[in-house]
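# Observations on the three-dimensional arrangement
Residues per chain, in single letters:
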Amino acid sequence: MPEMPAKLLIENDGAVRTLRLNRPESLNALDDDLLKALGRAVADADKDNAVRCVVVTGAGRGFCSGQDLADVAARYKSSEPIELGSHLRERYNPIITRLRTMEKPIIASVNGVAAGAGCSLALACDIRIAAESASFIEAFVNVGLVPDSGSTFILPRLVGVARAMEMAFTGRKVTAAEALQIGLVNQVVPDDQLAAATKKLADKLAGLPTRAIGLAKRAINAAWHADLETQLDYEAMLQTTAGQTHDHREGVTAFLEKRPAQFRGD
Ligand code: LHQ
């Protein structure tokens, strides 16, 4: 029997780790194997200090089409039907939480359609670069479901409540151009330049002070539910930590010596 290709490809390039969803025949629908592999890979990338930037992308013409619906249909017919809330708590929520709290930069390199939980996956990353042919669909309503995997939390914060409601209610396709216009993505590039543009940004981020970036991510996340006074105090606390890093000292020294800084990530 020929060996089955891995459903998640894990690639290392210097300090950049790329997690490539690899079920192109279903536009990288998330079945249980892929979800388990993604959960493990995200946790590993978080724990590995040699990894200073993570890229999430898809193989083939899709980024991720969300939950594998064939898998759901099969499990509804089985003797132990799937219960969606438990499935989310067990498989999806730990991935989303880890992406949001991992103290290193995460780029979604959106190579094609991002639908349903696939859209949520892209939203959970810190920065989104999209190919011109990419699109975003809050597809949940099309199958009678509620946006999940963080979409109701992150989407309105990115694009505003009215646009988030409209996307969630209609399940319509938002093109890459519109996504850029409404602040859903950071950058749109021609399809054949996506890999190069992603590498350029990932390499840059991986060479920056990773601790400071991680703490900035923590601060921005905390600000989503804080008042100004609390946030000012939190910034001061995090700055105490950042002020004790090698990279802070190196940054100041390099500036005064008029040379490029050599950041180590600690
Ligand atoms: C797929 C899928 C797919 C299986 C394309 N599954 N095969 C739900 C439940 C539980 C807990 C967690 O949370 C969730 C959240 C969700 O994610 S619910 C939303 C699930 N996703 C969707 O509803 C999207 C379904 N897919 C589509 O609407 C279309 O495929 C899109 C708009 C993504 C792409 O359209 P096209 O470019 O026209 O491609 P296609 O429809 O022809 O798809 C290509 C193949 O991929 C096709 O297979 P085939 O054998 O006919 O070539 C599709 O059946 C398969 N595929 N999405 N989610």
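Residues numbered from 1 in each chain as written. Predicted model: local features only at pLDDT ≥ 70, side-chain atom pairs only at ≥ 80, totals over all residues. Heavy atoms only, no water.

## Side note on the site of the ligand
In the vicinity of the ligand, 23 residues are found, and the nearest of them are Ser65, Gln67, Leu69, Ala117 and Asp148. Between Leu69 and the ligand, the recorded distance is 2.9 Å, taken from a backbone N or O atom to a nitrogen atom. Contact distances for the ligand include 2.7 Å between an oxygen atom and a side-chain N or O atom of Asp148. Listing elements by their share of the shell around the ligand, those giving two or more residues are helix H3 (84–101) and strand S6 (113–115). Ranked by residues supplied to the shell around the ligand, first place goes to H3 with four residues. Of the residues that constitute the shell around the ligand, the class distribution is 13 nonpolar, six polar and four charged. (Near = heavy atom within 4 Å. Polar contact = N/O pair within 3.5 Å; in protein donor to acceptor, adjacent residues only side chain to side chain. Helix = DSSP H or I, 4+ residues; strand = E, 2+ residues; numbered from the N terminus. Nonpolar A, V, L, I, M, F, W, Y, C, P; charged D, E, K, R; others polar.)

## Thoughts on the sheet that holds strand S2 (residues 16–21)
Sheet architecture is open: six strands sit in the order S1-S2-S3-S5-S7-S10, paired in mixed fashion. Of all the strands in the sheet, the pair left with one neighbour each is strand S1 (8–13) and strand S10 (187–189). On average, adjacent strands in this sheet sit at an angle of 20 degrees to one another, irrespective of strand direction. Pairing of strand S5 (residues 106–110) with strand S7 (residues 127–131) involves four bridges; the strand directions are parallel. Looking across to S7, one finds that Val110 is bridged to Ala130. Across the sheet, helix H1 (residues 32–47) is in contact with S1, S2 and strand S3 (53–58); its angle to S2 comes to roughly 175 degrees. (Pairing = 2+ DSSP bridges. Axes fitted to C-alpha atoms, helices over the stretch in contact; angles between N-to-C directions. Contact = heavy atoms within 4.5 Å.)

## Overview of empty space enclosed by the protein
Enumeration according to the criterion identifies one cavity of 30 Å³ or more in this entry. There is about 60 Å³ of room inside the largest cavity. Lining the largest cavity we find Leu30, Leu35, Leu38, Tyr92, Ile95, Ile96, Ala117, Leu121 and Ser149. Within the residue set of the lining of the largest cavity, elements represented by two or more residues are H1, H3 and helix H4 (117–124). In terms of residue class, the lining of the largest cavity is built from eight nonpolar, one polar and no charged. (1 Å grid on protein atoms, 1.4 Å probe; cavity = no way out; pocket = protein on both sides within 12 Å on 5 of 7 lines; lining within 4 Å. Points joined across faces, edges and corners; volume = space filled by probe spheres on them.)

## Some points on the layout of surface pockets
Of the pockets and cavities examined, the largest pocket occupies roughly 410 Å³. If you trace the largest pocket, you find 19 residues lining it, with Gln67, Leu69, Phe140, Val143 and Leu145 closest to the centre. Broken down by secondary-structure element, the contributors of at least two residues to the lining of the largest pocket are helix H2 (69–77) and H3. Considering every element that reaches the lining of the largest pocket, the biggest residue donor is H3, with four residues. Looking at the lining of the largest pocket residue by residue, the classes come out as 13 nonpolar, five polar and one charged. Of the voids in this model, the second largest pocket is the one considered here, and its volume is about 350 Å³. For the second largest pocket, the lining is made up of 21 residues, of which Thr18, Arg20, Thr57, Ala195 and Thr198 are closest to its centre. Counting residues per element, the ones that place at least two in the lining of the second largest pocket are S1, S2, S3 and helix H8 (194–206). Per-element tally for the lining of the second largest pocket: the top contributor is H8, with six residues. Residue composition of the lining of the second largest pocket, grouped by class: six nonpolar, nine polar and six charged.

None of this, on its own, says anything about what the molecule does.
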